[in-house]
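As a plain string of letters, each chain reads:
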Amino acid sequence: MTRNMSIIVVEADRDRALQIVDGLRQAGSYDVQVIAEPTQLAQQIKTRQPDMVLIDIANPSRDTLEELALASGPMDRPVAMFVDRSDAGLSDAAIEAGVSAYVVDGLQPARVKPVLDAAVARFRMFQRMRTELAATKRALEERKVIDRAKGMIMKARGVEEDAAYTILRKAAMDQGKRVADVAAALVTAAGILS
């Protein structure tokens, strides 16, 4: 049995909050909780750990958008923001703060489901990109350490680059470790000894 997606709705106006909850219930099976007071929003969201955050704000400012977006944990979950109006640059600020969907002209019940689906899809896409970027950065750093270790072996043993790598690889196999780990240990040890 799959559990329903949990959504926190951030909306101070009670009537608008009820309208949003009704729209969500019409759109699908969601576990919906409303936060009427956005003070300590980050703590409230951390405590409740929702799958998604939906923020409805009538008249946003850049500071309010960034504060709400950052408090709702956009790196941890999709965040959809509905606004009644948007000044120049506000949508860019919201997207840069990590908002997955930024909808101008308020919340309309018929648009809830497609917007939520788009926000989830966009969040997952960016999450994959962040993961790939982190893996690429880690691989690049490991490559730098391996190259540095090879250079140290070449200098100490008077061998060519291929032979230095062979020595590193053999040491890694003998120790049951990755080449990058052996290279890092070698570079660290050399730093201590110099």
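The structure this text deals with has already been given above.
Because the structure is a prediction, the values reported are computed rather than measured. (Residues numbered from 1 in each chain as written. Predicted model: local features only at pLDDT ≥ 70, side-chain atom pairs only at ≥ 80, totals over all residues. Heavy atoms only, no water.)

Engineer: How do you make sense of a nonpolar patch on the surface when you look at a structure like this?
Structural biologist: A contiguous nonpolar surface patch, about 250 Å² in accessible area, is contributed by Met-125, Phe-126 and Met-129. In this structure, Met-125 sits in helix H5 (residues 112-157). Overall, the relative accessible area of 36% leaves Met-125 in the partly exposed class. (Patch = residues over 30% accessible without salt bridge, like charges linked within 9 Å, V, L, I, M, F, W, Y side chains within 5 Å. Areas by Shrake-Rupley, 256 points an atom, 1.4 Å probe, with all protein chains shown as cover. Salt bridge = Lys/Arg side-chain N within 4 Å of Asp/Glu carboxyl O. Helix = DSSP H or I, 4+ residues; strand = E, 2+ residues; numbered from the N terminus. Buried < 20%, exposed > 50% of the residue type's maximum accessible area, 1.4 Å probe, protein only.)

Engineer: Sorry, what's going on with the sheet that holds strand S5 (residues 101-104) here?
Structural biologist: The pairing of strands in a sheet comes from backbone hydrogen bonds and takes either a parallel or an antiparallel form. The 5 strands are arranged S2-S1-S3-S4-S5 in an open sheet whose pairing can be described as parallel. One side of each edge strand has no neighbouring strand; the edge strands of this open sheet are strand S2 (30-35) and S5. Strand-to-strand, the axes of this sheet are offset by a mean angle of 15 degrees, without reference to chain direction. In this sheet, strand S4 (residues 79-83) lies alongside strand S3 (residues 52-57) in parallel orientation, the contact comprising 5 bridges. Paired with Leu-54 across the bridge in S4 is Ala-80. With respect to the sheet, helix H2 (residues 41-48) is in contact with strand S1 (5-10), S2 and S3, its orientation differing from that of S2 by roughly 155 degrees. (Pairing = 2+ DSSP bridges. Axes fitted to C-alpha atoms, helices over the stretch in contact; angles between N-to-C directions. Contact = heavy atoms within 4.5 Å.)

Engineer: Explain the side chain of Glu-11 here, please?
Structural biologist: Mapped onto the fold, Glu-11 is located in the loop between S1 and helix H1 (14-27). Only 3.5 Å separates the side chain of Glu-11 from the side chain of Arg-16, close enough to count as a polar contact. (Polar contact = N/O pair within 3.5 Å; in protein donor to acceptor, adjacent residues only side chain to side chain.)

Engineer: What is the right way to look at H5 in this model?
Structural biologist: Residues separated by three or four positions in an α-helix point in the same direction, a consequence of the helix having 3.6 residues per turn. With 46 residues, H5 should reach 68 Å at 1.5 Å per residue; the first-to-last C-alpha distance of 67 Å fits that figure. By the burial criterion, the buried members of H5 are Val-112, Val-115, Leu-116, Ala-119, Val-120, Phe-123, Ile-146, Ala-149, Lys-150 and Ile-153. Once H5 ends, the next one or two residues include Gly-158, with phi positive near 65 degrees. (Expected span 1.5 Å × (residues − 1).)

Engineer: Quick question: what am I supposed to make of helix H6 (residues 161-175) here?
Structural biologist: For H6, which comprises 15 residues, the first-to-last C-alpha distance of 21 Å matches the rise-based estimate of 21 Å (1.5 Å per residue) to within 8%. Check the buried side of H6 and you find it contacts H5 and helix H7 (179-193).

Engineer: I would appreciate a short explanation of the packing of H5 against H7 in the present structure.
Structural biologist: Relative placement of two packed helices is described by the angle separating their axes and the distance separating the axes. For the pair H5 and H7, interaxial distance at closest approach is 8 Å and the crossing angle is 60 degrees. Relative to H7, H5 is oriented oblique. Of the two possible hands of crossing, H5 and H7 adopt the one that is left-handed. Contacts between H5 and H7 pair Glu-142, Val-145, Ile-146, Arg-148, Ala-149, Met-152 and Ile-153 from the former with Val-179, Ala-180, Ala-183, Ala-184, Leu-186, Val-187 and Ala-190 from the latter. (Parallel < 35°, antiparallel > 145°, perpendicular 65-115°, else oblique. Left-handed = near helix turned anticlockwise from the far one by under 90°.)

Engineer: Explanation requested: the nonpolar core in the structure shown.
Structural biologist: A general trend in soluble globular proteins is that nonpolar side chains are found buried together. By size, the foremost hydrophobic cluster in this structure holds 19 residues, and its most contacted members are Ile-7, Leu-24, Leu-54, Ala-80 and Leu-116. Looking at this core, the elements that each hand over two or more residues are S1, H1, S2, S3, S4, S5 and H5. For this core, the leading source of residues is H5, giving 5 residues. Setting aside chain neighbours within four positions, we find Ile-7 in contact with Leu-24, Tyr-30, Asp-31, Val-32, Gln-33, Met-52, Leu-54 and Leu-116. (Core = buried A, V, L, I, M, F, W, Y, C linked by side-chain atoms within 4.5 Å.)

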